[in-house]
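# Reading the structure
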Number of protein chains: 2
Amino acid sequence: MEYTSRGAKKIRLLGISGSLRRGSYNTALLRAAEALSPQDVGLEMFDLSDLPLYNGDLEAGGDPVSVSDLKRAIREADGIVFASPEYNHSFSGVMKNAIDWASRDRGPGSLAGKPVTIVGAGGMSGTARAQMHLENVLSETGSLVMTKPGVLIANPWDRFDADGRLEDEGTREVIADHIRKFRDWVLDIGSRSQSLAA
Amino acid sequence: MEYTSRGAKKIRLLGISGSLRRGSYNTALLRAAEALSPQDVGLEMFDLSDLPLYNGDLEAGGDPVSVSDLKRAIREADGIVFASPEYNHSFSGVMKNAIDWASRDRGPGSLAGKPVTIVGAGGMSGTARAQMHLENVLSETGSLVMTKPGVLIANPWDRFDADGRLEDEGTREVIADHIRKFRDWVLDIGSRSQSLAA
């Protein structure tokens, strides 16, 4: 967390999109979340484009820069918002590859113990099956997954304009509400740890 | 299928490992399957190292060579043997990324309608959870998944030697039996299609 000029805490969220294409609805969803975040929340994006495929031999020679960058971005964030399309009844291989790399860091601030939440845009089910697989995976990384309320944006082409702007008012309210609840949840977990440590 | 010099059919299997490291137990498992295959089965490996991360913009410009190669290898195979380690309660991102690319081909001989089977080596459960996720994914690609008998090799470090040779006799028999059953299954599906088409 950072402190603003008035001394209020600023919650740092990291947005990770499982789609690399420029016109991705999931990246657009994270951008909408950024724009709709309350003033005490900053949401930054991490682009997975530069990550190599996970390879234990490559890792043994030292993390590539893109992998170190990902691990650092996760450690510096108070919480993570994962957004992935659904491909073949699961989340994207691009996202899984990133988690496979990131999960090799088990230290303080890593995915282990990190507050995270899942959103998604796509298809008729709004990525329901992708989200279930991602929940399974994030249970093994030991992340603290906020599963409620869910954000499943079906038929995103009806809700975003051609430039990726979220136009649908109801969906904007769902996203804004989700980010507020996730902020409260990150703060609640933080305050519980502090109260137990006191 | 090919025909041998005696005119007998030769079943062509494609082995795809979800691990890229040289000492991978799953790659070693596929090599063992190759060595233990009956004479009428040929098992070739496809190396996923050169695949880029899936990106719809990249795809729109035409498949990279490694992607065309993967799609062609799948079309030319009578059946596919998938072998993946279990990372974070699922199969590897490397494997998912390959399937995300390959699944964009829905034509004859593609993953849609292709006989496939799943094997795996790793950990205490022998990749049980990874295999369940992979079954979910292969149901959406429309592949014909032979789920029985299962091959789940727990504690592979006790069964392979330092050079990746499968030394455990019981495990060798499990693999050999699985490949024979998969061959019979590929032939059975082929003969059913022919009989219906006749």
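Keep in mind the model is a prediction, meaning the values are calculated, not measured.

Procedures and definitions
- Sequence order as written defines residue numbering, which begins from 1 separately in each chain.
- Whichever chain is written first becomes A and whichever ligand is written first becomes 1, with later ones labelled in order.
- The model is predicted, so local features are restricted to residues of pLDDT at least 70 and side-chain atom pairs to those at 80 or more, both for listing and for counting; the totals for chains, interfaces and linings are taken over all residues.
- To obtain the side-chain values, all non-hydrogen atoms of the structure were included, while hydrogens and water were left out.
- Strands are runs of DSSP state E lasting at least 2 residues, helices are runs of H or I lasting at least 4, and numbering of each runs from the N terminus.
- Relative accessibility thresholds used throughout: buried, under 20% of the residue-type maximum; exposed, over 50%; partly exposed, between the two (1.4 Å probe, protein chains only).
- By the convention used here, residues are in contact when the closest approach between their heavy atoms is within 4.5 Å.
- Strand pairing is assigned whenever DSSP identifies at least 2 bridges connecting the two strands.
- Axis definition: a line fitted to C-alpha atoms, over the contacting stretch in the case of helices. Angles run 0 to 180 degrees between N-to-C directions.
- Note that the term roughly parallel is reserved for angles under 35 degrees, roughly antiparallel for angles over 145, roughly perpendicular for angles of 65 to 115, and oblique for everything else.
- Residues are grouped as follows: nonpolar covers Ala, Val, Leu, Ile, Met, Phe, Trp, Tyr, Cys and Pro; charged covers Asp, Glu, Lys and Arg; every other residue, Gly included, is treated as polar.
- A pairing counts as a salt bridge when a side-chain nitrogen of Lys or Arg comes within 4 Å of a carboxyl oxygen of Asp or Glu.
- Simply put, the buried area is the total loss of 1.4 Å probe accessible area from both parts when two parts are fitted together.
- Contacts described as polar in this section are N or O atom pairs within 3.5 Å, which, within protein, must combine one atom able to donate a hydrogen with one able to accept it, while residues neighboring in sequence count only if both atoms come from side chains.
- Alignment of the copies relies on least squares applied to C-alpha atoms, considering only residues that score at least 70 for pLDDT in both.
- Per residue, pLDDT measures the predictor's confidence, with a range of 0 to 100.
- Nonpolar cores are built from buried Ala, Val, Leu, Ile, Met, Phe, Trp, Tyr and Cys residues. Side-chain atoms within 4.5 Å join them into one set.
- Only rings of Phe, Tyr and Trp enter the pairing, Trp through its six-membered ring, and a pair is recorded when the two centres are within 6.5 Å. The plane angle decides the type: under 30 degrees is stacked, over 60 is edge-to-face, the rest tilted.
- In this scheme, the term charge over a ring applies when either NZ of a lysine or CZ of an arginine sits within 6 Å of the ring centre and within 35 degrees of the ring normal.

Our next topic: the environment of Ser143(B). All names here are of chain B. Counting through the fold element by element, Ser143 comes out in the loop between helix 5 (128–140) and strand 8 (144–153). When its relative accessible area of 10% is taken as the criterion, Ser143 is described as buried. Separated by 27 residues in sequence, Ser143 and Val116 have C-alpha atoms that sit 6.6 Å apart. Those residues in contact with Ser143, other than ones at most four positions away along the chain, are Leu111, Gly113, Lys114, Val116 and Leu138.

Bringing the pairing of strand 2 (residues 9–17) of chain A into the picture now. Residue and element names in this part refer to chain A. Examined bridge by bridge, strand 2 and strand 3 (residues 41–46) share 6 bridges and lie parallel to one another. The residue bridging Leu14 from the neighbouring strand is Glu44, located in strand 3. Here 5 bridges tie strand 2 to strand 4 (residues 79–83), and the two strands are oriented parallel to one another. By the bridge assignment, Leu13 is partnered in strand 4 with Gly79.

Bringing the packing of helix 3 (residues 65–76) of chain B against helix 4 (residues 93–102) of chain B into the picture now. Residue and element names in this part refer to chain B. Relative orientation of the contacting elements helix 3 and helix 4 amounts to 80°, with a least axis distance of 10 Å. With respect to each other, helix 3 and helix 4 are oriented roughly perpendicular. Counted together, Val67, Leu70, Lys71 and Ile74 of helix 3 and Ala98, Trp101 and Ala102 of helix 4 form the full contact between these two elements. Class assignment for the residues of the contact of helix 3 with helix 4 results in 6 nonpolar, no polar and 1 charged.

All right, on to the pattern of salt bridges then. Residues and elements named next belong to chain B. Going through the model one piece at a time under the given rule, you end up with 36 salt bridges over all chains. The salt bridge partner of Glu59 is Arg104, with a shortest N-O separation of 2.9 Å. Linking Glu59 in helix 2 (residues 56–60) with Arg104 in the loop between helix 4 and strand 7 (115–121), this pair joins segments that are 45 residues apart in sequence. Ionic pairing is found between Asp69 and Arg72, a salt bridge with its closest N-O pair at 3.3 Å.

With that settled, the discussion passes to the environment of Val186(B). Residues and elements named next belong to chain B. Relative to the assigned elements, Val186 resides in helix 6 (residues 169–197). For Val186, a relative accessible area of 4% translates into the label buried. Here the alpha-carbon distance between Val186 and Glu86, two residues 100 residues apart in the chain, equals 26 Å. Once you skip the residues sitting within four places of it in the chain, Val186 turns out to touch Ile11, Asp78, Gly79 and Pro115.

For the rest of this paragraph, the subject is the interface of chain A and chain B. In many analyses, interface size is given as the accessible surface area lost on bringing the parts together. Residue-level contacts link 30 residues of chain A with 30 residues of chain B. When chain A packs against chain B, close to 2500 Å² is buried across both sides, 56% of that on carbon and sulfur atoms. Note that Arg22(A) is salt-bridged to Asp57(B), the shortest N-O span being 3.8 Å. Along the contact surface separating chain A from chain B lie 16 residue pairs in polar contact (both at pLDDT 80 or more). When contributions to the side of chain A that touches chain B are tallied by element, the ones reaching two or more residues are helix 2 (56–60), strand 6 (90–91), helix 4 (93–102) and helix 5 (128–140) of chain A. It is helix 4 of chain A that provides the largest number of residues to the side of chain A that touches chain B, a total of 6 residues.

The next thing to look at is the relation of the copies chain A and chain B. Mapping chain A onto chain B calls for a rotation angle of 180° and an axial translation of 0.0 Å; the resulting RMSD is 0.0 Å. When the rotation and shift are considered jointly, the pair of chain copies conforms to a two-fold rotation axis. When each C-alpha of chain A is compared by its distance to the rotation axis, Gly93(A) comes out closest, at 2.4 Å. Of the residues that chain A buries at the interface, 100% are likewise interface residues in chain B, meaning the two copies contact each other through the same surface.

With that settled, the discussion passes to the confidence of the model for chain A. Residues with a pLDDT of 70 or more make up 97% of chain A, whose mean pLDDT is 95. The complex prediction reports pTM at 0.95, with the ipTM value standing at 0.95.

This paragraph deals with the nonpolar core. Grouped together as the largest cluster of nonpolar side chains are 58 residues, with contacts concentrated most on Phe82(A) and Phe82(B). When near neighbours in sequence (up to four residues on either side) are disregarded, Phe82(A) contacts Ile16(A), Met95(A), Ile99(A), Leu111(A), Val116(A), Thr117(A), Ile118(A), Val119(A), Leu134(A) and Leu138(A).

The subject of this paragraph is the packing of aromatic side chains. All names here are of chain A. Using the criterion set out here, one finds 10 aromatic pairs over all chains in the structure. Three or more aromatic residues link up through ring pairs in this structure, and these residues are Tyr25, Trp157 and Phe160. Taking NZ or CZ as reference, Arg21 lies 5.8 Å from the ring centre of Tyr25, over its face.

All names here are of chain A. Omega for the peptide link from Lys148 to Pro149 comes to -5°, which places this bond in the cis form. Relative to the helices and strands, Pro149 resides in strand 8 (residues 144–153). Even without a glycine there, the phi angle at His89 is positive, about 65°. For His89, the location among the structural elements is in the loop between strand 5 (86–87) and strand 6.

So, about the side chain of Thr141(A). Here Thr141(A) lies in the loop between helix 5 and strand 8. Using a relative accessible area of 0% as the deciding quantity, one classes Thr141(A) as buried. Separated by 3.1 Å, the side chain of Thr141(A) and the backbone oxygen of Leu138(A) make a polar contact. The residues contacting Thr141(A), other than those within four sequence positions of it, are Ile99(A), Ser103(A), Arg106(A), Leu111(A), Ala112(A) and Asn88(B).

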